[in-house]
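Residue-level structural notes
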Amino acid sequence: QQQVKQSPQSLIVQKGGISIINCAYENTAFDYFPWYQQFPGKGPALLIAIRPDVSEKKEGRFTISFNKSAKQFSLHIMDSQPGDSATYFCAAINTGTASKLTFGTGTRLQVTL
Amino acid sequence: NAGVTQTPKFQVLKTGQSMTLQCAQDMNHEYMSWYRQDPGMGLRLIHYSVGAGITDQGEVPNGYNVSRSTTEDFPLRLLSAAPSQTSVYFCASSYLRGRSGANVLTFGAGSRLTVL
């Protein structure tokens, strides 16, 4: 049973546009929601993360929006650049347990010129 | 600071062969884990460890063995390789909860395994 559902599976955005990736979770015990970015041939790396006590977190061009009542969160990439082309994974964890992140299935983002 | 080091980067096996994927970290992380990445499936947890001598199963443990004799090393053993184990394998580590940086996984660069 997939506890974190991610969409879309792939996304093509023009340079300068906004990329939006959505995730939904089922387990209300999750209390930490990170996003990982993975470039081809590399391992995933933490991009940005949010806790459910805030509705939005922004770091540069990357913003997480969080809707606790809907159990949904999303990543917005403003002014998308070709260098943002990568696979993005949302994840969730109950920090009261051992560190076992549950990942979404990933979104492959391509930013075109 | 090397972070998480995985070897080998590429490996081709025949069905039924066994092999070990190596993982080492130099950050003194208590938590170490193995994931496999398959198209459309995301990252699925195989096994994990919260400290030396302690291991537990993740979501897809069948066909794999692990041990944790030291804090630094967490090898993944394929006992009898099958084509279904063709995948990219990632080792990841972190501090345990309650410490700064807990829940932030540091991943290795991956090991691409093909089973014929």
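The structure this text deals with has already been given above.
To start, this report covers the structure provided alongside it. Everything quoted here is computed from the prediction, not taken from an experiment.

All names here are of chain B. Pairing in this open sheet of four strands is antiparallel, and the strands run E1-E3-E8-E7 from one edge to the other. This sheet does not close on itself; its edge strands, each paired only once, are strand E1 (4-7) and strand E7 (64-66). With direction set aside, neighbouring strand axes in the sheet form an average angle of 20°. Relative to strand E3 (residues 19-25), E1 is paired through four bridges, and the arrangement is antiparallel. Pairing of Val4 across the sheet is with Gln25, part of E3.

Cysteine pairs can be linked by a disulfide, which is a covalent bond between their two sulfur atoms. Inspection of every chain in the model, using the stated rule, returns two disulfides over all chains. With its sulfur 1.9 Å from that of its partner, Cys23(A) forms a disulfide with Cys90(A). Because the sign of the S-S torsion sets the handedness, a value of about -95° for the bond joining Cys23(A) and Cys90(A) places this disulfide among the left-handed ones. Of this pair, Cys23(A) sits in strand E3 (residues 19-25) while Cys90(A) sits in strand E9 (residues 86-92), and the two are 67 residues apart along the sequence. Classification of Cys23(A) as buried rests on a relative accessible area of 3%. With relative accessibility at 0%, the residue Cys90(A) sits in the buried group. Disulfide partner of Cys23(B): Cys91(B), at an S-S distance of 1.9 Å. When the S-S torsion is -70°, as for the bridge of Cys23(B) with Cys91(B), the disulfide is left-handed. Here Cys23(B) is found in strand E3, whereas its partner Cys91(B) is found in strand E9 (residues 87-94), with 68 residues between them in sequence.

Residue and element names in this part refer to chain A. Enumeration according to the criterion identifies 17 aromatic pairs over all chains in this entry. On the basis of an interplanar angle of 45° and a centroid distance of 4.8 Å, the ring pair of Tyr25 and Phe33 is categorised as tilted. Exposure class is identical for Tyr25 and Phe33. Each is buried. Three or more aromatic residues joined by ring pairs make a cluster, and in this case those are Tyr25, Phe30, Phe33, Trp35, Phe66 and Phe73.

About the thresholds
- Residues numbered from 1 in each chain as written.
- Chains lettered and ligands numbered in written order.
- Predicted model: local features only at pLDDT ≥ 70, side-chain atom pairs only at ≥ 80, totals over all residues.
- Heavy atoms only, no water.
- Pairing = 2+ DSSP bridges.
- Helix = DSSP H or I, 4+ residues; strand = E, 2+ residues; numbered from the N terminus.
- Axes fitted to C-alpha atoms, helices over the stretch in contact; angles between N-to-C directions.
- Disulfide = S-S within 2.5 Å.
- Buried < 20%, exposed > 50% of the residue type's maximum accessible area, 1.4 Å probe, protein only.
- Phe/Tyr/Trp six-rings, centres within 6.5 Å; stacked < 30°, edge-to-face > 60°.

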